[in-house]
Amino acid sequence: MKNKKIINTVSATILALFALLTLFLSSSVIFDWFGIRAKEGNYVLFIVWTNFMSSILYLIAVFGFLKNKKGTFWALIVALGILIIAFIALLVYVNNGGIHEAKTIKAMVFRMLVTLSFSLIAFFSIKQNSTIN
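For the structure given in this document, a descriptive report is provided here. Note on numbering: residues in each chain are counted from 1, in written sequence order. A pLDDT threshold of at least 70 governs which residues receive local features in this predicted model, and a stricter bar of 80 or more applies before side-chain atom pairs are shown or counted, although totals over entire chains, interfaces and linings include all residues. The side-chain figures draw on all heavy atoms in the structure; neither hydrogens nor water molecules are used.

With that settled, consider helix 1 (residues 2–31). Secondary structure elements follow DSSP: runs of H or I of four or more residues count as helices, runs of E of two or more count as strands, with numbering from the N terminus. To estimate the expected span of a helix, count its residues, drop one, and scale the result by 1.5 Å. Taking 1.5 Å of rise per residue, the 30 residues of helix 1 would be expected to cover 44 Å, and the 42 Å separating its terminal C-alpha atoms lies within 8% of that figure. Two residues or fewer past helix 1, Asp32 is found with a positive phi of approximately 55°.

This part is about the packing of aromatic side chains. Working definition: an aromatic ring pair is given by the centre-to-centre distance plus the angle between the planes. When the centres of two rings from Phe, Tyr and Trp lie within 6.5 Å, Trp using its six-membered ring, the rings pair. Their planes under 30 degrees apart give stacked, over 60 give edge-to-face, and anything left gives tilted. In this structure the tally under the stated criterion is 10 aromatic pairs. Plain terms: the ring middles of Phe31 and Trp33 are 5.5 Å apart, the flat faces sit at 25° to each other, and that makes the pair stacked. Only protein chains enter the accessibility calculation, which uses a 1.4 Å probe; a residue is then buried when its area is under 20% of its type maximum, exposed when over 50%, and partly exposed in between. For Phe31, a relative accessible area of 45% puts it in the partly exposed group. With relative accessibility at 39%, the residue Trp33 sits in the partly exposed group. Following the ring pairs from residue to residue traces out a cluster consisting of Phe73, Trp74, Phe123 and Phe124.

There is a patch of nonpolar side chains on the surface, built from Leu21, Phe24, Leu25, Phe31, Trp33, Phe34, Leu45 and Trp49 and spanning about 820 Å² of accessible area. Every element with two or more residues in the nonpolar patch is listed here: helix 1 and helix 3 (45–67). Of the residues forming the nonpolar patch, the biggest block, four residues, is contributed by helix 1. On the accessibility criterion, Phe34 (61% relative accessible area) is exposed. Distance thresholds for patches are 9 Å for like charges and 5 Å for nonpolar side chains (Val, Leu, Ile, Met, Phe, Trp, Tyr), applied to residues having over 30% relative accessible area and no salt bridge. Accessibility throughout is a Shrake-Rupley quantity obtained with a 1.4 Å probe, and a residue counts as covered only by protein chains that appear here. By convention in these notes, a salt bridge is any Lys or Arg side-chain nitrogen within 4 Å of a carboxyl oxygen on Asp or Glu.

Looking now at the layout of surface pockets. Lining residues are defined by having an atom within 4 Å of a point belonging to a cavity or pocket. Those points lie on a 1 Å grid over the protein atoms alone, cavities being sets where a 1.4 Å probe fits but cannot get out and pockets being open sets with protein on both sides within 12 Å along at least five of seven lines. Grid points are joined across faces, edges and corners, and a volume is the space filled by probe spheres set on the points. Looking at the largest pocket, its volume works out to about 460 Å³. Around the largest pocket sit 18 residues that line it, and Leu25, Glu40, Asn51, Ala107 and Arg111 are the ones nearest its centre. Of all the secondary structure elements, the ones that give two or more residues to the lining of the largest pocket are helix 1, helix 3 and helix 5 (102–125). Among the elements that line the lining of the largest pocket, the one with the most residues is helix 1, at six residues. Residue classes follow a fixed rule: Ala, Val, Leu, Ile, Met, Phe, Trp, Tyr, Cys and Pro count as nonpolar, while Asp, Glu, Lys and Arg count as charged, and any other residue, Gly among them, counts as polar. Of the residues that constitute the lining of the largest pocket, the class distribution is 11 nonpolar, four polar and three charged.

What follows concerns the pattern of salt bridges. One pass over the full model with this rule turns up one salt bridge. Here Lys103 ties to Glu40 by a salt bridge, and the two come within 3.8 Å at their closest N and O atoms. Of this pair, Lys103 sits in helix 5 while Glu40 sits in the loop between helix 2 (36–39) and helix 3, placing them 63 residues apart in sequence. Residue Glu40 is classed as partly exposed on the basis of its relative accessible area of 26%.

A few words now on unusual backbone geometry. Here Asp32, not a glycine, exhibits a phi torsion of approximately 55°, which is positive. With respect to the element layout, Asp32 can be found in the loop between helix 1 and helix 2. Note on Asp32: relative accessible area 37%, which makes it partly exposed. The phi angle at Phe34 is positive, at roughly 60°, despite the residue not being glycine. Among the secondary structure elements, Phe34 is positioned in the loop between helix 1 and helix 2.

Laid out in structure tokens, this is it:
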């Protein structure tokens, strides 16, 4: 029991850092804060919005990890689903000659793997018969 609490706390901390970084970077491109939009090169706006939405779901999952809520798993699965759909759309966009950065594809694969990893941690570390509230 104590090990699961430690796992949840460490997971929440790492995910919070990842979520806040994602929120900052994606909102900076969307709202052009600090001139970051120009530095990003050929960004794909729907991917930036996907990352923004994912960061919100990550923050919900952070709360879930801290409060031991089974909804944590579902928040992360929804984020993963959104990322997968956006990645498929990105591949279609790229195959149709869409302008993009190569780092975008690598970053999306990384983000999907991170989200999948945290989903699995949530599934195995949070008691599945706990309440959603």
